[in-house]
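Residue strings, one per chain:
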Amino acid sequence: MTQNTQKTTPPPQLDRADARVRHDAGLAGALRGFVDQIRSGDLGMLPVVLGLLLISVVFSTLNPIFLAPNNLVNLLFDAAAVGLIALGVVCVLLLGEIDLSIGSMSGLASAMTGVLWVNSGVPLPITIIAVMLTGALVGLLFGFLRNKFEMPSFVATLAGLLALLGLQLYILGPTGSINMPFSSPLVRFGQILIMPAWVSYFVAIIPGALIVYGSMRTNQRRSAANLSSGGMSVAVAKAAILTVALIFAVFYLEQGRGVPWMFGVFVLFVVFLNYALTRTKWGRSMFAVGGNAEAARRSGINVQRIRLSAFVVCSTFAALGGVFAAARLASASQQAGTGDVNLNAIAAAVIGGTSLFGGRGSAWSALLGVLVIMAISNGLTLLNLSSSLRYMITGAVLAIAVIVDSLARRSRASHGRA
Amino acid sequence: MTQENAGPEKGELILRLRGVGKQFGAVTALEDIELDVHAGEVVALVGDNGAGKSTLVKVLAGVHQPTSGTIEYFGKQVLLDTPAAALEMGIATVFQDLALCENLDVVANLFLGHEISPWRMDEVQMEVRAWTLLQELAARIPSVREPIASLSGGQRQTVAIARSLLLDPHIIMLDEPTAALGVAQTAEVLNLIERVRDRGHGVILISHNMEDVRAVADRIVVLRLGKNNGVFTAETSHQELVSAITGASENSVSRRAARKLEEVGEDQ
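Criteria and thresholds
- Residues numbered from 1 in each chain as written.
- Chains lettered and ligands numbered in written order.
- Predicted model: local features only at pLDDT ≥ 70, side-chain atom pairs only at ≥ 80, totals over all residues.
- Helix = DSSP H or I, 4+ residues; strand = E, 2+ residues; numbered from the N terminus.
- Rg over C-alpha atoms; globule rule 2.2 N^0.38 Å.
- Buried ≥ 20, exposed ≤ 12 C-beta atoms within 10 Å, placed from the backbone.
- Contact = placed C-beta atoms within 7 Å.
- Pairing = 2+ DSSP bridges.
- Axes fitted to C-alpha atoms, helices over the stretch in contact; angles between N-to-C directions.
- Nonpolar A, V, L, I, M, F, W, Y, C, P; charged D, E, K, R; others polar.
- Expected span 1.5 Å × (residues − 1).
- Arc of directions from axis to C-beta.

## Some details on the overall build of chain A
Reasoning step 1: What chain A contains, in helices and strands, is 16 helices and 2 strands.
Reasoning step 2: For 418 residues, the compact-globule formula gives about 22 Å, and the C-alpha radius of gyration of chain A, at 23 Å, lands near that figure.
Reasoning step 3: Referenced to the eigenvectors of the C-alpha coordinate spread, the extents of chain A come out at roughly 80 × 55 × 40 Å.

If you want it as structure tokens, here you go:
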């Protein structure tokens, strides 16, 4: 074990003692690893990036306005609400469960916002807290049904879809729609408020800086612990590409109105959930339960509590998404949360790379997926297509996303990657 | 993790079962079982189907409660009422189906449910401990950052055994660890069992494979129809073991052997 290829460090590094494994180092190695990964069916973000490119090319040739800065700003405004709902969907999909009531939950949330805040004069913060608590309660109920009665989440949440829609119609009453004052902070947040340019640029630099700082720290700690450290080239390259892309995006949006605060808040939630899923014991348990619930149980994980938490997070995000949607539309109506909201949110999570079969996915998939879904919907609207065609096309896109997910899963299985 | 393991001296009596019985309604699964396990010894538990091996394992793992008898742990009588209690006391079990999460990597599986710093997982420290443990077992795992799905059956068995050792138990129970393995991988697992024993753990090995049992066991405890049916050593002849397991010197195995012998005789 001592006759090792590592010449610089006399004692072999803990993870480099086995000569049978190819260790990809440096930029070329990272590239080779990436190609291997794609080939084995671990597609990651690739379908999304390709999809976005394809969509941009097709729609901008059909109608040049599609890529105009202000249209993209509008797209980001629209994306925040569905994106938040998709973020919750990621959590239930990770466990291999599903929540079909998210659309109705968001509709109920917007109705509650209208009734409590506009009609009854409850202060806005308290209204939002009450709405989110309602969401959490609904999630608790779904989790309870799943845990205690082993009711498939598909059925439980399908029942929830109807019940919550009924509740939404009930509390809206005969008028059926409540308009929100345009000068109010909520509607301004949903329609007007834009980050100052310097804030946008500053935020665009942060991810790259964090990548470089984080990998420096990790490398230090790894070499201190006698583990191999990957070197900085990959991290620096990643950070550079990301920073350039983000700065260009901000620059382009600044040609129009700029980056909406609403979208910024959504991204903040994505970052938060990403940390929770990747760096905490809760997140690790989520992946474990999604991968093999029995193994998780025998490892001492409380599977029922993890399930409960996933449903609570999902419904809470759906409720918050409903508030965002109400802010965007400046109204709470009977139509809120109906139609394609459900499918758009689920499609966004799946298109972004979260598997329907559980155990695979990330918070980023909600962000990327919702951009794809919203780009399609926005492009089709610009072409003046009727909603009948829009529904059909969105349905086809969801079907394709699930097929890709399914094929990738099969390929991963045959390549020995779960 | 080895530092904490200053516990039992080699040869010290860890576990002592006396008169343990288990009834499921009218069925007596175990009756008056006696079993001793010392530190640094491999005790094989053999018996035919329905002999009560799995029930005994489940009693020791805290899954089932015995209906009679006493379990002494380091001389003190104990109650194993939940799997967690058994685990905490220092009895770890590697189940036959391993129970690993295929979508997670080796480190994640080793530490599942016992992650270091739950709110900000310490991946570096976990990886260091994973490598240290795997190297102590001389395990041949190419990379601890690969998902379990990419490992072979023997490597998975190794990970499962390593995981049971992570909490530094005094006794580790292995339920049919070689049942699904090839020749080379079986040998690796047997080596692993010997290394675990040499680290001072008591090992309880359940197996149907007499060859494996005789290869590593210090003592062979035979169960038959829920009762003790003798304690043997690796030197015991195959025939003697088989007759203890089946309960008669005249049994299907011996009859088959005799018939083969006759056939060979007739051919000549």
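Additional details are given in the paragraphs that follow.
## Regarding the overall build of chain B
Reasoning step 1: Looking only at helices and strands, chain B features 9 helices and 10 strands.
Reasoning step 2: Against the globule reference of 18 Å for 268 residues, chain B gives a C-alpha radius of gyration of 20 Å, in line with a compact fold.
Reasoning step 3: Taken along its principal axes, the extent of the C-alpha atoms in chain B is 70 × 50 × 35 Å.
Reasoning step 4: Split into buried and exposed, the 268 residues of chain B put 42% on the buried side.
Reasoning step 5: In chain B, once contacts between residues fewer than 6 apart in sequence are set aside, the share between residues at least 24 apart is 67%.

## A closer look at the sheet that holds strand β1 (residues 13-24) of chain B
Residue and element names in this part refer to chain B.
Reasoning step 1: Strand order in the open sheet formed by 4 strands is β2-β1-β4-β5, and the pairing between neighbours is antiparallel. The open sheet has two free edges, formed respectively by β2 (27-38) and β5 (76-77), since each of these has just one partner strand.
Reasoning step 2: Note that β1 and strand β4 (residues 68-73) share 5 bridges and pair antiparallel. For leucine 17, the partnering residue across the bridge sits in β4 and is isoleucine 71.
Reasoning step 3: Strands β1 and β2 of the sheet are contacted by helix α1 (residues 53-60), whose axis makes an angle of about 65° with β2.

## Some words on the interface of chain A and chain B
Reasoning step 1: Across the boundary between the two partners, chain A contributes 29 residues, which contact 28 residues of chain B.
Reasoning step 2: Secondary structure elements with two or more residues in the side of chain A that touches chain B: α8 (197-224), α11 (281-291) and α12 (293-298) of chain A.
Reasoning step 3: Here the side of chain A that touches chain B is composed, by residue class, of 10 nonpolar, 7 polar and 12 charged.

## Examining helix α9 (residues 233-254) of chain A
Residue and element names in this part refer to chain A.
Reasoning step 1: Compared with the 32 Å implied by 1.5 Å per residue over 22 residues, the 31 Å span of α9 between its first and last C-alpha is a close match.
Reasoning step 2: Those residues of α9 that fall on the buried side of the exposure criterion are Val234, Ala235, Ala239, Val250 and Leu253. Projected onto a plane normal to the axis of α9, the buried residues spread over an arc of 120° and lie on a single side. Summarising the geometry of α9, the exposed residues directed more than 90 degrees from the buried face are Ile241, Val244 and Phe248.

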